[in-house]
Amino acid sequence: MWKYTKKSDGTIKLTGYDATAAIVPEGELIIPDKYDGYVVSEVGYQCLYKNNDIESVVVPASVTTIGTQAFGLCKNLTSVVLPEGVKQLDNSAFSGCGLENVVLPESLVKVGSSAFANNTAMVTAVIKGKTEFEKSTFSGCANLTNVAFHNVINALPSYMFQDCVKLQSVQFPMKVKTLGSYIFKNCKLLDNIQIPYTVTEIGSYAFNNCISLRSIVIPKGVTEIKACTFSYCENLTDVVIPDSVKIMGTGAFDHCTALSKITLPRQMSKIGNIAFWYCTSLKKIALPEGISIIDVQMFEGCVSLQDIYIPASVKKINIDAFNKCKSLSNVYFGGSAATVECECCYR
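These lines cover the structure that appears in this document, whether it is placed above or below. For clarity, every value in this text was computed on a predicted model and none was experimentally measured.

## Quick word on the overall build of the chain
Along the chain, the regular secondary structure elements total zero helices and 29 strands. Here the C-alpha radius of gyration of the chain, 25 Å, is well above what a compact globule of 347 residues would show, namely 20 Å. Taking the principal axes of its C-alpha atoms as reference, the chain extends roughly 85 × 30 × 30 Å. Partitioning the intrachain contacts of the chain with sequence separation of at least 6 by distance along the chain shows that 26% fall at a separation of at least 24.

Printed below as a string of structure tokens:
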């Protein structure tokens, strides 16, 4: 039944199957540990791609690698058993399947991009090892609710959980330092998440459009809130920013419409344009002593903003910085307003 190629180490890689054979893969598929007298060490590129007859797969301990799209778009595949011994899953290995749950073994060293993307029936994922992930691992898993990491992993990649719209619980890996860009974008039910204190970098758009997120504490090692990190978190009301943060990027809190107050670190040196764009509940804010520019449209659309403190360090207010701030009535200058270059304060 199986087609294969011999590898340099004397084992074989399964590359496909003879669709005209008397026995073809269907129902429960048990990958053989040996075939034609050879040890099976790899399930190769598109080996069972778009096979809609298989419903479950058991991988033997002899297999160390599952290749690109090996089981891609197997729409009726609901279960896979990955044993200790599997070391690598390549790009889109199980993307677009019907997997309901997945447990990744401790032996797993590397997972390629989109390995489990768009498994829309998946509910839980458990990661046991010190696995290195490439981008978009579980993106588009629309029913993924719970994720648990049980080991040390330094970085979680970009887009890892993007569009996991039902994700509610994440047990982060130990000693994680980096959360990639777009990692939780559009995780619309994510309402209570504790970023580990070990995290020093949070990528741009990391929590974009997490509309249920209500509070966030940024760890003390983080130095920058990057572009649009919390944009469109429309129910975010409580934010704790540590003194370590020096830079706030473009649109960092854009359209956080429930945010009524925020305390910025005194030593913050830069705040990007549209940082608080249309934060319609924001009532007052004190800008930090280190900034020199109030950038383009920084507070545009902040219709509830009444009070702002502008430090002496500010030398320029860019165009539309306070456009549509119709409630702004109290502007306190730490220095002299006469020394500030103002392109267009407010309308």
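From this point, things continue past the structure.
## Structural notes on unusual backbone geometry
Phi is positive for Asn-186, close to 65°, though the residue is something other than glycine. Mapped onto the secondary structure, Asn-186 falls in the loop between strand E17 (178–179) and strand E18 (201–202). One non-glycine residue, Gln-297, lies in the positive phi region at around 55°. Looking at the secondary structure, you find Gln-297 in the loop between strand E25 (293–294) and strand E26 (307–310). When its relative accessible area of 21% is taken as the criterion, Gln-297 is described as partly exposed.

## Section: the environment of Asp-295
Among the secondary structure elements, Asp-295 is positioned in the loop between E25 and E26. Remark: the alpha-carbon pair of Asp-295 and Glu-106, spanning 189 residues in sequence, is separated by 48 Å. Among the polar contacts made by the side chain of Asp-295, one reaches the side chain of Asn-318 at a distance of 2.9 Å.

## Description of the packing of aromatic side chains
Throughout the structure, instances matching the rule amount to 18 aromatic pairs. Ring geometry for Phe-253 against Phe-276: centres 5.9 Å apart, planes inclined by 5°, an arrangement best described as stacked. Remark: Phe-276 occurs in the loop between strand E23 (270–271) and strand E24 (284–286) and Phe-253 occurs in the loop between strand E22 (247–248) and E23; sequence separation between them is 23 residues. An identical accessibility class is assigned to Phe-253 and Phe-276; each is buried.

## Focus on the nonpolar core
Membership of the largest hydrophobic core comes to 104 residues, with the highest contact counts inside it found for Phe-253, Phe-276 and Phe-299. Breaking this core down by element, the ones donating at least two residues are strand E2 (12–17), strand E5 (38–43), strand E6 (54–58), strand E10 (101–104), strand E12 (124–127), strand E14 (146–149) and E26. Among residues more than four places away in sequence, those in contact with Phe-253 are Ile-225, Phe-230, Ser-231, Leu-236, Val-239, Ile-241, Met-248, Leu-259, Ile-262, Ala-275, Phe-276 and Cys-279.

## Overview of the sheet that holds E25
Hydrogen bonding along the main chain pairs the strands of a sheet, whether they run parallel or antiparallel. The parallel open sheet is built from three strands, whose spatial order is E25-E27-E29. Each end of this open sheet is capped by a strand with a single partner; those strands are E25 and strand E29 (341–342). Two elements, E25 and strand E27 (residues 316–317), share two bridges in a ladder whose sense is parallel. Note that in E27 the partner of Ile-294 across the bridge is Ile-317.

Rules and cut-offs
Residues numbered from 1 in each chain as written. Predicted model: local features only at pLDDT ≥ 70, side-chain atom pairs only at ≥ 80, totals over all residues. Heavy atoms only, no water. Helix = DSSP H or I, 4+ residues; strand = E, 2+ residues; numbered from the N terminus. Rg over C-alpha atoms; globule rule 2.2 N^0.38 Å. Contact = heavy atoms within 4.5 Å. Buried < 20%, exposed > 50% of the residue type's maximum accessible area, 1.4 Å probe, protein only. Polar contact = N/O pair within 3.5 Å; in protein donor to acceptor, adjacent residues only side chain to side chain. Phe/Tyr/Trp six-rings, centres within 6.5 Å; stacked < 30°, edge-to-face > 60°. Core = buried A, V, L, I, M, F, W, Y, C linked by side-chain atoms within 4.5 Å. Pairing = 2+ DSSP bridges.

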